[in-house]
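Here's the letter readout for the chains.
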Amino acid sequence: MSDLALFGGRSAFLHPVHVGCPSRVDRARLFDRLNWVLDNQWLTNGGPLALELEDRVAEIAGVRNCVATCNATTALQLLFQAAELTGEVIMPSLSFAATAHAARWIGLDPVFVDVDPLTGSMEPAAVAKAIGPRSAAILGVHLWGRPCQVDDLEKVAADHGLPLFFDAAHATGCTWRGRAVGGFGTAEVFSFHATKVVNAFEGGAVVTDDDELAQRVRALHNFGIGLSDSSPAGGTNGKMSEASAAMALTSLDAFEDTVRHNRANFHLYSEELADVPGLSVIPHDRDERHNYQYVIVAVEESATGIGRDLLIEVLRAENAMAKPYFSPPCHQLEPYRSRAPVELPHTERLAARVLALPTGTSVSREDIRRVCNVLRLAVSYGADVTTRWNRMKGGRE
Ligand SMILES: *Cc1c(COP(=O)(O)O)cnc(C)c1O
């Protein structure tokens, strides 16, 4: 147990290994594209590379329209504005803060609902129960790239005449019942942030089969220029630059390799941790396509003797920068926390017991074995690690 870096042992990694390291791209290709952009002297405002990216993303999503944006948070806001929402948006709390903040920033009220206790997917029955006179839309989140219960959500939305949107920030290249994410509900939003599986440095996209909605998003992301009717919001600047489009296209070129690497990482983690009591890698449906962008482990403290938060401390001391994705959940963050309290027991339980492990194209099999060895050691002495840590902390206070 004293081998653990937490207790003074040598760290397993010389340098920090992060969750969400940028996926590898072909630099020569990226530089060729950037050179082309500079020669072409068209740096933003719907340039040729942004349009090429839109075509490719629309094809991946299996939809007619894609509008590339500066990031996914803005894309969500553009979508809400284009749909002229006012009032409440029903969404899960178990997501990144951007999901809720995007709505809040433009004056909409997030209404949080609970998730399935095992998969973290928003519960369609809870959504139906949350619908009220101020409901304007439903926003699903394909958490960790696992698609929502799309059919049930579509039914609830249709029954109540509400638009259904998806935050697909984690789910580029994933399928649900063989159909690509991107084509569900009224519209979906991808993120191409540096930490996501497809990376534009910063970037996002709205994808939809609704031509009119797409046209409105396109106008709104360019200061409202070209809107046929007036939007109360006017417009904003949500455009993607050509530099970001160059990166996104180069990242898309590498997508199959990235997913292959991530898939192998995922399976190695699953094998290595299979015999560690109390740790379970949340599995994926083998019949679906998945991007394997996140490796999420659920910690059952009654079996490990060591809680999620302390396990993260143990890993971080080793320079394996595990993260509590997503904890605290949105309803426990400001500005939502101080509103009327909501109880979301499944969300709270899941948020308190899951962690994301480092993966991505810069994480090797050797790295993963090392991370798993640390986890195995920490769990095999779980109760002792907990006692010793508490004593250390007590001594310091
Ligand atoms: C990353 C992320 C976002 C925000 O994406 P940006 O492109 O960084 O604005 C939104 N929702 C979820 C679930 C995310 O993980």
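Residues numbered from 1 in each chain as written. Predicted model: local features only at pLDDT ≥ 70, side-chain atom pairs only at ≥ 80, totals over all residues. Heavy atoms only, no water.

Identification of the protein chain as dTDP-4-dehydro-6-deoxyglucose aminotransferase from Streptomyces pimonensis is taken from an unreviewed UniProt entry. Under the Sequence similarities (unreviewed entry) heading, UniProt states for the protein chain: "Belongs to the DegT/DnrJ/EryC1 family." (UniProt positions renumbered as here; feature names shortened; annotations may be inferred.)

J.: Explain the overall build of the protein chain here, please?
T.: A count of helices and strands for the protein chain gives 14 helices and 14 strands. Relative to a compact globule of 397 residues, whose C-alpha radius of gyration would be 21 Å, the protein chain shows 22 Å and is just as compact. Along the first, second and third principal axes, the C-alpha set of the protein chain runs to 70 × 55 × 45 Å. Going through the 397 residues of the protein chain one by one, you find that 54% of them count as buried. Here the contacts in the protein chain between residues at least 6 apart in sequence split such that 70% fall between residues at least 24 apart. If you sum the accessible surface of the protein chain, you get close to 17200 Å²; carbon and sulfur atoms cover 51% of it. (Helix = DSSP H or I, 4+ residues; strand = E, 2+ residues; numbered from the N terminus. Rg over C-alpha atoms; globule rule 2.2 N^0.38 Å. Buried < 20%, exposed > 50% of the residue type's maximum accessible area, 1.4 Å probe, protein only. Contact = heavy atoms within 4.5 Å. Areas by Shrake-Rupley, 256 points an atom, 1.4 Å probe, with all protein chains shown as cover.)

J.: How do you make sense of the nonpolar core when you look at a structure like this?
T.: If you look at soluble globular proteins, the nonpolar side chains tend to sit buried side by side. Counting residues in hydrophobic clusters, the biggest one holds 84 residues, and the most contacted among them are Leu53, Phe192, Leu273, Leu279 and Leu357. Mapped onto the domain boundaries, this core takes at least three residues apiece from domain 1 (5-21 + 254-322 + 358-393) and domain 2 (27-253). Here leucine 279 is in contact with Leu273, Val297, Ala298, Val299, Thr304, Leu311, Leu375 and Val379, once residues within four sequence places are set aside. Core analysis: the next-biggest nonpolar cluster, separate from the first, contains 31 residues, Val67, Leu78, Met91 and Ala137 among them. (Core = buried A, V, L, I, M, F, W, Y, C linked by side-chain atoms within 4.5 Å. Domains from an automatic or database assignment.)

J.: Looking at this structure, I do not really get the site of the ligand. What am I missing?
T.: Among the 14 residues in the neighbourhood of the ligand, the closest are listed as Thr73, Asp167, His170, Ser191 and Lys196. The contact in question runs from a nitrogen atom of the ligand to an N or O atom on the side chain of aspartate 167, over 2.7 Å. In this structure, lysine 196 approaches the ligand through a side-chain N or O atom, which is 3.2 Å from an oxygen atom. Relative to its unbound accessible surface of 380 Å², the ligand loses 93% to contact with the protein. Those elements that provide at least two residues to the shell around the ligand are α3 (72-82) and α4 (97-105). Across the shell around the ligand, the residue classes break down as 4 nonpolar, 8 polar and 2 charged. (Near = heavy atom within 4 Å. Polar contact = N/O pair within 3.5 Å; in protein donor to acceptor, adjacent residues only side chain to side chain. Nonpolar A, V, L, I, M, F, W, Y, C, P; charged D, E, K, R; others polar.)

J.: Please clarify how the sheet that holds strand β2 (residues 65-69) should be interpreted in this entry.
T.: Remark on secondary structure: sheet strands pair via backbone hydrogen bonds, oriented parallel or antiparallel. Strand order in the open sheet formed by 7 strands is β2-β10-β9-β6-β5-β3-β4, with mixed pairing between adjacent strands. Strands at the two margins of the open sheet, each flanked by one partner only, are β2 and β4 (109-113). If you compare each strand with its neighbour and ignore which way they point, the axes differ by 25° on average. In terms of strand pairing, strand β3 (residues 88-92) meets β4 through 5 bridges, oriented parallel. The partner of proline 92 across the bridge, within β4, is valine 113. Packing against the sheet, helix α6 (residues 150-160) makes contact with β5 (135-141) and β6 (164-167), and its axis sits at approximately 145° to β6. (Pairing = 2+ DSSP bridges. Axes fitted to C-alpha atoms, helices over the stretch in contact; angles between N-to-C directions.)

J.: Would you explain the pattern of salt bridges in this entry?
T.: If the charged atoms of two oppositely charged side chains come close together, the side chains can form a pair. By the definition in use, this model includes 19 salt bridges. One salt bridge connects arginine 260 with aspartate 257, and the closest N-O pair in it is separated by 2.8 Å. Remark: aspartate 257 and arginine 260 occur in helix α9 (residues 255-273); sequence separation between them is 3 residues, near one turn of the helix. Residue classification places aspartate 257 among the partly exposed residues on the basis of a relative accessible area of 48%. Across the pair glutamate 272 and arginine 376 runs a salt bridge whose closest N-O atoms are separated by 2.9 Å. Of this pair, glutamate 272 sits in helix α9 while arginine 376 sits in helix α13 (residues 365-380), and the two are 104 residues apart along the sequence. Sharing partners across several salt bridges, the network here consists of Arg29, Arg33, Arg56 and Asp253. (Salt bridge = Lys/Arg side-chain N within 4 Å of Asp/Glu carboxyl O.)

J.: So what exactly am I meant to see when it comes to the packing of aromatic side chains here?
T.: Here a ring pair, both rings aromatic, is described through the centre-centre distance and the interplanar angle of the planes. Under the definition given, this model contains 8 aromatic pairs. Ring centres 6.2 Å apart and planes at 55° place the aromatic pair phenylalanine 80 and phenylalanine 165 in the tilted group. With phenylalanine 80 in helix α3 and phenylalanine 165 in strand β6, this residue pair connects regions lying 85 residues apart in the sequence. For the pair phenylalanine 80 and phenylalanine 165, a shared accessibility class is recorded, and that class is buried. (Phe/Tyr/Trp six-rings, centres within 6.5 Å; stacked < 30°, edge-to-face > 60°.)

J.: Quick question: what am I supposed to make of the environment of arginine 337 here?
T.: Here arginine 337 lies in the loop between β13 (320-321) and α12 (345-353). Accessibility expressed as a relative area gives 53% for arginine 337, which makes it exposed. On a C-alpha basis, the gap between arginine 337 and methionine 392 in space is 32 Å, while along the polypeptide they are 55 residues apart. Excluding its chain neighbours within four sequence positions, the residues that come into contact with arginine 337 are His331 and Gln332.

J.: Sorry if this is basic, but what is going on with the sheet that holds strand β14 (residues 354-357) here?
T.: The antiparallel open sheet is built from 3 strands, whose spatial order is β11-β12-β14. For this open sheet the edge positions go to β11 (279-281) and β14, each flanked by a neighbour on one side alone. Mean inter-strand twist for the sheet, computed between neighbouring axes without regard to direction, equals 30°. Relative to β14, strand β12 (residues 295-299) runs antiparallel, the two being bridged by 4 bridges. Following the sheet pairing, isoleucine 296 is matched in β14 by alanine 356. Of the strands in this sheet, β11, β12 and β14 touch α9, which is tilted by about 155° from β11. Lying on the sheet, helix α11 (residues 308-317) is in contact with β11, β12 and β14; it crosses β14 at an angle near 20°.

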